[in-house]
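# Observations on the model geometry
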Amino acid sequence: MFNRDNKKKITFERFLTGEYARDYITQDTPYEEQVRRAAEKIREADCVLLGAGAGMSTAAGAQYGGEYFEKNFAEFQKAYGKGPYMQDMYSAGFYPYPDEESKWGYWSHMALLAGVDLDVTPLHRTLLEAVAGKKLFLLTTNVDHQFEKAGLPAEQIFATQGSYRRIQCRRGCHAVTYDAVELFRQMERERRDARIPTELVPRCPICGGPMTMNLRSDNYFVQDADWYAAEDRFSAFVNECADRKTVLLEVGVGFNTPTIIRFPFEKLCREHRNLSLVRLSRSKAIVPASLGARAVGINADMAQSITDLSVLLREKKPE
Ligand SMILES: [Zn+2]
């Protein structure tokens, strides 16, 4: 049982877990009833810890493959062939680009389209409206800044996996990241046949080596001072809200990196009886049976479920 005296501060490291629930169920309650229960939990809560994964951007309209890729990345398909890589933005990131000019030719274009200039904020805004008035914090694996663009202050966001706006030393030789938006725009203007001019290739100001996107993909990922400051604010929020009526509202988190949001949310909920879990996903909203009525898992098109939730929450509380 939770005991204030030997309470251990919940740090991000302690929050993370690889422990998965062994009692997942798909709740078979009708959709309308599920949305009503979720709205009720949020309405009664003081705090909302929002956890957002890739499914949120997709539900909001972000596109990464198919016709969108064909249309916007034809230059790269022409240079490298379609093969297994040039199919969507994610796969194309793994192409073995022959040199730095080619690597940055692709990544600057991708970072602009998938992050810097991406605008799928209406659904993000609807979600923020649904939780208006609550003490709110966002934990996200998304690197596309869409909640920030939708109006959530940066101080209330912990984006653990990096940013499409920033670059770092490839070897992580120093703990600083650099805003690269203007550089990306210049690369975009001057790119020819999928390559950028050599003079635009960024070099690490400390070791002189190559640089890379500030995206977590290996052990060289740089967590800079802003990252640690966000971690501190996240930790403070969780420790405060663990004692209060709090909803863990999870949107679009699948099983790609479940150890950052999905599993920790379940664990936090198991350990604190005043917490409840609302999980929205197109198809992966299974929830631990042991959480009983404290968990609501809604498998549905999230553009729909978020909109429906928002409508219910803006109505006056039924007497
Ligand atoms: Zn370096």
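The structure this text deals with has already been given above.
Counting of residues starts from 1 at the beginning of each chain's written sequence and follows it residue by residue. At least 70 in pLDDT is required for a residue's local features to be given in this predicted model, at least 80 for side-chain atom pairs to be given and counted, and no such filter applies to totals for whole chains, interfaces and linings, which use all residues.

### Some points on helix α2 (residues 31-44)
Quick note on the threshold: Runs of E in the DSSP output that reach at least two residues are strands. Runs of H or I that reach at least four are helices, and both are numbered from the N terminus. Given the number of residues in a helix, its expected span is that number minus one, multiplied by 1.5 Å. Partly exposed residues are those falling between the two cut-offs: more than 12 but fewer than 20 other C-beta atoms within 10 Å of their own, whereas 20 or more means buried and 12 or fewer means exposed, with C-beta atoms placed from the backbone. What the arc covers is the set of directions going from the helix axis to the C-beta atoms. Residue pairs qualify as contacts under a 7 Å threshold applied to their C-beta atoms, which are placed from the backbone.
Look at α2: 20 Å from first C-alpha to last across 14 residues, which is about the 20 Å you get at 1.5 Å a residue. Taken as a whole, α2 has its buried residues at Gln 34, Val 35, Ala 38, Ala 39, Lys 41 and Ile 42. Buried residues of α2 fall within an arc of 160° about the axis and therefore sit on the same side. Seen from the open side of α2, the exposed residues pointing more than 90 degrees away from its buried face are Glu 32, Glu 33 and Glu 44. In this structure, the buried side of α2 is in contact with β2 (47-52), α8 (121-130), β8 (246-251), β9 (275-281), β11 (295-299) and α13 (302-314).

### Side note on the pairing of β8
Here is the rule we go by: When DSSP finds two or more bridges between two strands, those strands count as paired.
In terms of burial, β8 is largely enclosed, as six of its six residues are buried. Along β8, one buried face is formed by Thr 246, Leu 248 and Glu 250 and the opposite face, lined by Val 247, Leu 249 and Val 251, is buried too. Bridge count between β2 and β8: six bridges; the pairing is parallel. Bridging from a neighbouring strand, Cys 47 pairs with Thr 246 of β8. In terms of strand pairing, β8 meets β9 through six bridges, oriented parallel.

### Concerning the sheet that holds strand β5 (residues 162-169)
We apply this condition: Only the stretch in contact is used when fitting a helix axis, every axis being a line fitted to C-alpha atoms; angles between N-to-C directions are given from 0 to 180 degrees.
Across the sheet, which stays open at both edges, the three strands sit in the order β6-β5-β7 with antiparallel pairing between neighbours. The open sheet is flanked by β6 (178-179) and β7 (211-215), the only strands paired with a single partner. The sheet contact formed by β5 and β7 spans four bridges and is antiparallel. Bridge pairing links Cys 169 to Met 211 in β7. On the sheet, helix α7 (residues 100-116) packs against β5 and β7 and is oriented at approximately 145° with respect to β5.

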